[in-house]
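The chain contents come next:
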Amino acid sequence: MTEILAALLLVLGGAISLIAAIGVARLPDAFLRMHAATKAGVVGAGLMLVGAGFAFGGGDAWLRVGLIVLFLLVTVPISSHALGRAAYIGGAPLWPGSKDALAGVLPRQSIDEDDGLPVPAKQAAAIPAPTIGAMPGAPGRPAQPAGPGEAHGAAP
Amino acid sequence: MTLIGAALAVSALLLAAAVALTGWRMLRGPGIADRAVAMDLLGLLAVGATTLTAVAGGHLALLDIALGLGLVGFVGAVGVAAFITRASRPPEARDD
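Residues numbered from 1 in each chain as written. Chains lettered and ligands numbered in written order. Predicted model: local features only at pLDDT ≥ 70, side-chain atom pairs only at ≥ 80, totals over all residues.

K.L.:
I'm lost on the overall build of chain B in this one. Help?
P.N.:
Assigned secondary structure in chain B consists of 3 helices and 0 strands. Listed N to C, the secondary structure of chain B is α-α-α in terms of helices and strands. For chain B, the C-alpha radius of gyration of 18 Å lies well beyond 12 Å, the compact-globule estimate for 96 residues. Here the C-alpha coordinates of chain B stretch approximately 65 × 30 × 10 Å along the principal axes. Evaluated residue by residue, chain B yields a buried proportion of 45% over its 96 residues. (Helix = DSSP H or I, 4+ residues; strand = E, 2+ residues; numbered from the N terminus. Rg over C-alpha atoms; globule rule 2.2 N^0.38 Å. Buried ≥ 20, exposed ≤ 12 C-beta atoms within 10 Å, placed from the backbone.)

This is how it looks when you write it as structure tokens:
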């Protein structure tokens, strides 16, 4: 009986992990992808862990399984919240069908649609002309330190 | 093949497909946030894969490694989030 339950939970955990990965691959923007990755990911890993608890069956195993599941339930919401907040501040584009409920609440960097590089809007308004150290080949954009540009350096 | 062995094989196949899709998203981007989300999910998938390995080999100690992987994934995600937040601030507002 426990063997059937363990097998069922292991397969179910794998299937839900695959659903999470399909969500991450297919959903349209970073926030929706995070929604799929965190919730379905935790359920997938947690079901596999409970299945492992039934497969091992001892008090030792259940102690570890309980600790890991508790740990995941505590930490994954924290990390996903931090990532979502950082994505919003960093200017990750929103899916057109979603509503920007955080407009005016959090500062948000805008992203240049042409080349995917960030354009700090407030900085451009405060400093009218490009400063002396402006890079050649980037007309119309004020000189930036390496920080914001690096964040998108690997974009194709 | 026992019932649990068959379940392990099926689950490992599903997990491999999940890792392939998540890795594709991690390579594809398009932004750093998408890659960070994919990395977060890869950490959770690694916890699941380690759990499957523990059941397959009968090594209870591998569950401790799953706990360690979860911890590393958490710290990594929070670190990347802090990096994105800091790099997005305008230079005059930085305190570092």
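Structure shown, so let's carry the discussion forward.
K.L.:
When you look at the overall build of chain A in this model, what are you seeing that I'm missing?
P.N.:
Tallying secondary structure elements over chain A gives 5 helices and 2 strands in all. Each of the 156 residues in chain A was classed as buried or not, and the buried ones make up 38%.

K.L.:
Could you clarify how one ought to interpret the nonpolar core in this entry?
P.N.:
Counting 66 residues, the largest nonpolar core has Ala20(A), Val24(A), Ala52(A), Leu83(A), Ala33(B), Val37(B) and Leu41(B) as the members making the most contacts within it. Residue contributions to this core peak at 15 residues, all from helix H2 (residues 30–56) of chain A. With residues up to four places along the chain from it excluded, the contact list for Leu41(B) reads Ala20(A), Ala21(A), Val24(A), Ala37(A), Gly41(A) and Thr22(B). (Core = buried A, V, L, I, M, F, W, Y, C linked by C-beta atoms within 7 Å. Contact = placed C-beta atoms within 7 Å.)

K.L.:
Please clarify how helix H2 (residues 32–57) of chain B should be interpreted in this entry.
P.N.:
Since the α-helix advances by 3.6 residues per turn, residues separated by three or four positions end up pointing in the same direction. Residues and elements named next belong to chain B. If you check H2, its first and last C-alpha atoms are 37 Å apart, about what 26 residues at 1.5 Å a residue would give, namely 38 Å. Counting buried residues along H2, 20 of its 26 residues qualify, which places the element largely inside the surrounding structure. Positioned one or two residues after H2, Gly 58 has a phi angle of 75 degrees, which is positive. (Expected span 1.5 Å × (residues − 1).)

K.L.:
Mind showing me how you'd approach the packing of helix H1 (residues 2–26) of chain A against H2(B) here?
P.N.:
At their nearest, the axes of H1(A) and H2(B) sit 11 Å apart, and the two run at 170 degrees to each other. The pairing of H1(A) with H2(B) is recorded here as roughly antiparallel in orientation. From H1(A), Gly13(A), Ser17(A), Ala20(A), Ala21(A) and Val24(A) reach across to H2(B), where they touch Val37(B), Ala38(B), Leu41(B), Leu45(B) and Gly48(B). For the contact of H1(A) with H2(B), a count of residues per class yields 7 nonpolar, 3 polar and no charged. (Axes fitted to C-alpha atoms, helices over the stretch in contact; angles between N-to-C directions. Parallel < 35°, antiparallel > 145°, perpendicular 65-115°, else oblique. Nonpolar A, V, L, I, M, F, W, Y, C, P; charged D, E, K, R; others polar.)

K.L.:
I tried to follow the interface of chain B and chain A on my own but got confused; where do I start?
P.N.:
For interface size, the figure often reported is the accessible area lost on association. Taken together, the 49 residues of chain B in the interface contact 62 residues of chain A. Elements with a minimum of two residues in the side of chain B that touches chain A: helix H1 (3–28), H2 and helix H3 (62–88) of chain B. If you tally residues by element for the side of chain B that touches chain A, the top one is H2(B), at 16 residues. For the side of chain B that touches chain A, the residue count by class is 36 nonpolar, 9 polar and 4 charged.

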